[in-house]
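This is what each chain is made of:
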Amino acid sequence: QVQLVESGGGLVQAGGSLRLSCAASGRTFSNYAMGWFRQAPGKEREFVAAISRIRTTYYTDSVKGRFTISRDNAKNTLYLQMNSLKPEDTAVYYCAAQLSYYGGRLSDGSVDYWGQGTQVTVSS
């Protein structure tokens, strides 16, 4: 079992920045590929970014160049640095852990563990 707890969400103006954190506990954090998803009101949850065990990263097109995913295995923590935020980035952001990962985006059906989510609101 892996427990994931997100933090760092909040309200920010367009063009601003936020850093999300996801603290993991339980099984060995470094064994898992990690990722971020988000769900906007009235929309399905969507993939945002992933980082493999060897720190290979992958991003959805809409956040490339603005968001950076990283991990600190010594601290069992995943991060998402979000810059140049836009109102369309407003969503609940979820941390995800996946044991079997072969690159590219994570998919809902393959994620093993989810966090509870943290709200990010970007005002125009």
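Scroll up a little and you will see the structure.
In this text the structure is predicted, and so the values were computed from the model without any measurement.

Colleague: Quick one: what's the story with the side chain of Glu6, residue by residue and with numbers?
Modeller: Structurally, Glu6 can be placed in strand β1 (residues 2-7). Buried charge Glu6 goes without a salt bridge, the closest partner of opposite sign being Arg45 at 8.0 Å. Of note is the side chain of Glu6, whose polar atom sits 3.0 Å from the backbone nitrogen of Gln116. A polar contact is formed between the side chain of Glu6 and the backbone nitrogen of Gly117, at a distance of 2.9 Å. Discounting chain neighbours no more than four positions away, the residues touching Glu6 are Ser21, Cys22, Trp36, Tyr93, Tyr94, Cys95, Gly115, Gln116, Gly117 and Thr118.

Colleague: Report on the state of the cysteines, specifying residues and quantitative values.
Modeller: Simply put, disulfide is the name for a covalent bond between the sulfur atoms of two cysteines. Within the structure shown, the criterion is met by 1 disulfide. Across a sulfur-sulfur distance of 2.1 Å, Cys22 and Cys95 are joined as a disulfide pair. The S-S bond linking Cys22 to Cys95 shows a torsion near -75°; that makes this disulfide left-handed. Placement of the pair is Cys22 in strand β3 (residues 18-26) and Cys95 in strand β9 (residues 91-98), with a sequence separation of 73 residues. An identical accessibility class is assigned to Cys22 and Cys95; each is buried.

Colleague: Requested: an account of unusual backbone geometry, with residues and values cited.
Modeller: Peptide bonds are, in most cases, trans, and in most cases residues other than glycine have a negative phi. Positive phi values are uncommon outside glycine, yet Asn76 reaches one of about 50°. Assignment of secondary structure puts Asn76 in the loop between β7 (67-72) and β8 (77-82). The phi angle at Ser84 is positive, at roughly 50°, despite the residue not being glycine. The exposure class of Ser84 is partly exposed, given its relative accessible area of 41%.

Colleague: Got a sec to walk through the pairing of strand β4 (residues 33-39)? Specific residues and values, please.
Modeller: With 6 of 7 residues buried, β4 lies mostly within the body of the structure. Two elements, β4 and β9, share 7 bridges in a ladder whose sense is antiparallel. Across the sheet, the residue bridging to Arg38 is Tyr93, located in β9. The pairing of β4 with strand β5 (residues 46-51) spans 5 bridges and is antiparallel. Among the inter-strand pairings, Arg38 is bridged to a residue of β5, identified as Glu46. Following β4, the chain reverses through 6 residues before pairing antiparallel with β5; Gly42 in that reversal takes a positive phi of roughly 75°.

Parameters and conventions
- Residues numbered from 1 in each chain as written.
- Predicted model: local features only at pLDDT ≥ 70, side-chain atom pairs only at ≥ 80, totals over all residues.
- Heavy atoms only, no water.
- Helix = DSSP H or I, 4+ residues; strand = E, 2+ residues; numbered from the N terminus.
- Buried < 20%, exposed > 50% of the residue type's maximum accessible area, 1.4 Å probe, protein only.
- Lys, Arg positive; Asp, Glu negative; His and termini not counted.
- Salt bridge = Lys/Arg side-chain N within 4 Å of Asp/Glu carboxyl O.
- Polar contact = N/O pair within 3.5 Å; in protein donor to acceptor, adjacent residues only side chain to side chain.
- Contact = heavy atoms within 4.5 Å.
- Disulfide = S-S within 2.5 Å.
- Pairing = 2+ DSSP bridges.

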